Amino acid sequence: MTTANTVSSAHCVAADNGSSPGSQGPGPVKLYVHVPFCRSKCAYCDFYSNAQTRLVPEWLDMARREWQALSQERLPDTIYIGGGTPSVLPRESLDRLISTFPVEGLREFTIEVNPEDVSRDFASHLAGFTPIDRVSMGIQTFDDDSLRALGRRHSSERAVEAFRSLRSAGIDNISCDLIYGLPDQTLGGWKDNLKRLIDLRPEHISCYLLSFEPHTRLGLMLSRGEVSETPEGLAEEMYALLCELTREAGYEHYEISNFALPGRRAIHNSAYWDGSDYLGLGPGAHSMIDGKRWYNPSNLAAYLAAEPGKARVFDEEDAASRFNDVIITALRTIDGLDTARVPEEFKSRFNRDAARAVERGDLIASPTPSGSVRLTIPESRWLVADSILVDLIE
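Residues numbered from 1 in each chain as written. Predicted model: local features only at pLDDT ≥ 70, side-chain atom pairs only at ≥ 80, totals over all residues. Heavy atoms only, no water.

### Notes on the environment of A271
Then, number 1: The residue A271 is located in helix α9 (residues 267-274) in this model.
Then, number 2: For A271, a relative accessible area of 0% corresponds to the buried category.
Then, number 3: Once the C-alpha coordinates of A271 and L375 are considered, the two residues, 104 residues apart in sequence, prove to be 19 Å apart. (Helix = DSSP H or I, 4+ residues; strand = E, 2+ residues; numbered from the N terminus. Buried < 20%, exposed > 50% of the residue type's maximum accessible area, 1.4 Å probe, protein only.)

### Re the confidence of the model for the protein chain
Then, number 1: Per-residue pLDDT for the protein chain averages 91, and the proportion of residues at 70 or more is 94%.
Then, number 2: Contacts of residues 6-24 to residues separated by more than four positions or lying in other chains number 49 contacts, the stretch itself having pLDDT below 50. (pLDDT = per-residue confidence, 0-100. Contact = heavy atoms within 4.5 Å.)

### Some words on the pairing of strand β2 (residues 76-83)
Then, number 1: Of all eight residues in β2, eight are buried, a share of seventy percent or more.
Then, number 2: Of the pairings in the sheet, the one linking strand β1 (residues 29-35) to β2 comprises seven bridges and is parallel in character. Looking at β2, one finds that H34 is bridged to G82.
Then, number 3: On the question of chirality, the crossover connecting β1 to the parallel β2 by way of helix α1 (residues 56-70) is right-handed.
Then, number 4: Here β2 runs beside strand β3 (residues 108-113); their pairing, made up of four bridges, is parallel. (Pairing = 2+ DSSP bridges. Right-handed = clockwise from strand over helix to strand, strands pointing away.)

### Looking at helix α3 (residues 120-129)
Then, number 1: Turning to α3, its buried residues are F122, A123, H125 and L126. Within α3, the buried residues cover an arc of 160° as seen down the axis, which keeps them to one side. More than 90 degrees from the buried face of α3, the exposed residues found are R120, G128 and F129.
Then, number 2: On the buried face of α3, the contacting elements are α2 (91-99), β3, β4 (134-140) and α5 (156-168). (Arc of directions from axis to C-beta.)

### Considerations on the environment of P262
Then, number 1: With respect to the helices, strands and loops of the structure, P262 is situated in the loop between β8 (258-260) and α9.
Then, number 2: The spacing of P262 and S206 is 56 residues in sequence and 15 Å in space, taken between C-alpha atoms.

### Overview of the pattern of salt bridges
Then, number 1: In this structure the tally under the stated criterion is 28 salt bridges.
Then, number 2: Here D335 makes a salt bridge to R265, at a shortest N to O gap of 3.0 Å. In this pair, D335 is assigned in the loop between α11 (319-330) and β13 (337-338) and R265 in the loop between β8 and α9, connecting sequence segments 70 residues apart.
Then, number 3: When its relative accessible area of 38% is taken as the criterion, D335 is described as partly exposed.
Then, number 4: Given the relative accessible area of 28%, R265 is considered partly exposed. (Salt bridge = Lys/Arg side-chain N within 4 Å of Asp/Glu carboxyl O.)

Right, here's the structure in full:
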């Protein structure tokens, strides 16, 4: 089954959205910091991480120096500390990392956490002594047997306690992740998970269909026949239920895998879909500045050995590849793709293919005030968006 909201390790990339003509200096940048440390590896995860937490001081020093080398006087308007598991950082290391960056005028400052790390003291420190105003917590499931099978270190009870600790500390912007399509998960079990999360009332919810990446523990188990993928029909039912229950609870389904209460969309993550510039620090992090894109290799030792800002590898892309990225990222969202963004050289073919997709019901075409057309994928087709996109890209 080809799906578009599976658990994956790649950060989405986007098109150029540099400073407008006549603007004073470079525009703001979305800053992502990859913390490459985890206490253990989850069975489904193929994000880059490392268990050598003794290297935290060296990594921290390099990340600070990388920022100094690459920031080029650009100020962040969002910061996202992800990983890995940022909440494993010693408090003094986290505070030192935060002190590296200018935080005046930030629109959003997010940190990812795991439930087992969120004590009342930790939550109080985030809320009272840091500029962090948004927390993204990976719950994944409220089923304790599934948590153990996935290699997660928390229990369902601990996840609820962690959420309440964050809320009691005064953090009023919390995002929570769930995974569906877990081995042996039923539609009823998925419904119970959704209801438990919605009852907590986080401001933002992200839900991903489990993906069996080849080099993960679950991927190897699949290859040996020890587990099986969720049947396509059941996955579609789970997604439909997800859309229904979140809609009834007042959440806006604004991206394939993301749901938000009014005014609570993820500002930072939206940069990967709307063409904003973003800068990534740390091993495995991706960047896109002024149309140029690069990534740091997923190797902590190589990252630490390189000259600050010189570990990066530049992507070489032609115009067709850049336009493909615009199509793929824009059509992941409720805002869709404005045809004004289609380069002249691709308009004839794209308009023909888009018209066919509209006839099939795979796209909805709506006029814009400027006279262009906005194309969106219907919510009912988002789960299989990849099969629609393949007919549109160059």
